[in-house]
Amino acid sequence: MHRSGPVGRYGTAAGTGALAVLLLVGICGSPAYTGWAVTLTDPASAGAFYARLLAWPAWRLDADGQAGGLFAADLRAVLLVVLAVALLYLLPAAQVARVPGPVSQFFSGWAAYVLAGGLAAVLAALLGPSPSLLGALQDASTGAGYGFLTGWIIGIASLGGRA
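Quick caveat, the model's predicted, so the values are computed rather than measured.

Undergrad: When you look at the overall build of the protein chain in this model, what are you seeing that I'm missing?
TA: Scanning the protein chain from N- to C-terminus turns up six helices and zero strands. In sequence order, the protein chain lays out its α and β elements as α-α-α-α-α-α. Within the protein chain, the proportion of its 163 residues that are buried is 40%. A separation threshold of at least 6 residues defines the contact pool for the protein chain, and within that pool the share at least 24 residues apart is 71%. Accessible area of the protein chain: about 8,800 Å², with a carbon and sulfur share of 72%.

Undergrad: Just checking my understanding: could you explain helix H1 (residues 13–28) for this structure?
TA: Since one α-helical turn is 3.6 residues long, residues separated by three or four positions face the same way. The end-to-end C-alpha distance of H1, which contains 16 residues, comes to 22 Å, matching closely the 22 Å that a straight helix rising 1.5 Å per residue would cover. The set of residues buried in H1 consists of Ala 13, Ala 14, Gly 17, Ala 18, Ala 20, Val 21, Leu 24, Val 25 and Cys 28. Buried residues in H1, looked at end-on, bunch into an arc of 160°, giving them a common side. Opposite the buried face of H1, at more than 90 degrees from it, the exposed residues are Leu 19 and Ile 27.

Undergrad: I would appreciate a short explanation of the UniProt feature "transmembrane region" (unreviewed entry) in the protein chain in the present structure.
TA: The sites that carry the UniProt feature "transmembrane region" (unreviewed entry) are, in the present numbering, residues 12–33, 75–94, 106–128 and 140–160. Regarding residues 12–33, the helix share stands at 86% and the strand share at 0%, and the terminal C-alpha atoms are separated by 29 Å. Between the C-alpha atoms that bound residues 106–128 there is a distance of 32 Å. The span itself is 96% helix and 0% strand.

Undergrad: I tried to follow the packing of aromatic side chains on my own but got confused; where do I start?
TA: A ring pair, where both rings are aromatic, is described by two values, the distance of the centres and the angle of the planes. Applying the stated criterion across every chain yields a total of seven aromatic pairs. Measuring from centroid to centroid gives 5.1 Å for Phe 106 and Phe 107, while their planes differ by 75°, and the two rings are edge-to-face. On the accessibility criterion, Phe 106 (17% relative accessible area) is buried. On the basis of relative accessibility, which here comes to 44%, the residue Phe 107 falls in the partly exposed class. Residues Phe 107 and Trp 110 carry aromatic rings whose centres are separated by 6.1 Å and whose planes lie at 10° to one another, so their mutual orientation is stacked. With Phe 107 and Trp 110 both in helix H5 (residues 102–127) and three residues apart, this pair spans about one turn of that helix. Chaining the aromatic ring pairs together yields one cluster made of Phe 106, Phe 107, Trp 110 and Phe 148. Above the plane of the ring of Trp 56 lies Arg 76, whose end atom (NZ or CZ) is 4.5 Å from the centre.

Undergrad: What exactly am I supposed to notice about the environment of Ala 77 here?
TA: Within the secondary structure layout, Ala 77 lies in helix H4 (residues 69–98). Assessed through its relative accessible area of 5%, Ala 77 is described here as buried. Counting along the chain gives 48 residues from Ala 77 to Gly 29, while the straight-line C-alpha distance between them is 7.6 Å.

Undergrad: Help me out: how do you make sense of the side chain of Thr 34 in this one?
TA: Along the chain, Thr 34 falls in helix H2 (residues 31–39). With residues up to four places along the chain from it excluded, the contact list for Thr 34 reads Cys 28, Gly 29, Ala 55 and Ala 58.

Undergrad: Sorry if this is basic, but what is going on with the confidence of the model for the protein chain here?
TA: Reading predicted coordinates in detail is not appropriate for stretches of low pLDDT. On average, residues of the protein chain score 83 in pLDDT, and 79% of them are at 70 or above. Per-residue pLDDT, averaged within each element of the protein chain, yields its smallest value for H4 (78) and its largest for helix H6 (residues 133–158) (94). Here residues 1–9 is a poorly scored stretch, pLDDT under 50, and it has four contacts once near neighbours within four places are set aside; other chains count.

What counts as what
Residues numbered from 1 in each chain as written. Predicted model: local features only at pLDDT ≥ 70, side-chain atom pairs only at ≥ 80, totals over all residues. Heavy atoms only, no water. Helix = DSSP H or I, 4+ residues; strand = E, 2+ residues; numbered from the N terminus. Buried < 20%, exposed > 50% of the residue type's maximum accessible area, 1.4 Å probe, protein only. Contact = heavy atoms within 4.5 Å. Areas by Shrake-Rupley, 256 points an atom, 1.4 Å probe, with all protein chains shown as cover. Expected span 1.5 Å × (residues − 1). Arc of directions from axis to C-beta. UniProt positions renumbered as here; feature names shortened; annotations may be inferred. Phe/Tyr/Trp six-rings, centres within 6.5 Å; stacked < 30°, edge-to-face > 60°. Lys NZ or Arg CZ within 6 Å of the ring centre and 35° of its normal. pLDDT = per-residue confidence, 0-100.

The structure is reproduced here in structure tokens:
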């Protein structure tokens with residue numbers, strides 16, 4: 001099916017959500033942003049908490065002595081992007097078909113990011129240099145919390161695209 005008109009010019013809801021994931025992790029997980037969030041914010045404020053939360057999927061340009069090397073240092077960020085993009089393409093297919101509209105697109109994008117955050121944290125903890133089940137469970141709650149508090153950005157980015 002080919003759509004023409006104003007909607008045809010825009011990408012899919014999953015595609016715009018995937019672009020938002022790349023930008024969010026790329027910018028807020030960057031060494032420059034994470035350094036700023038840690039050193040230049042007041043730890044007692046809600047804004048500082050949110051700025052630090054946005055830096056959760058931090059990635060690095062060098063391993064900086066971390067066990068497992070650069071891949072282990074960036075595993076969480078890589079898994080978050082891969083899983084979020086995969087879930088953005090998988091989740092809306094069934095849901096949007098039953099309930100068309102922007103509300104469905106918003107919640108599909110948000111839910112995909114919550115699931116991706118939790119799964120990325122678990123997998124990174126289990127595949128990382130010192131795997132432990134307790135660490136994986138603790139990281140899962142942190143990752144899902146990150147996804148819940150930041151996933152609305154991905155949900156908004158998913159609005160207006162084709163299903």
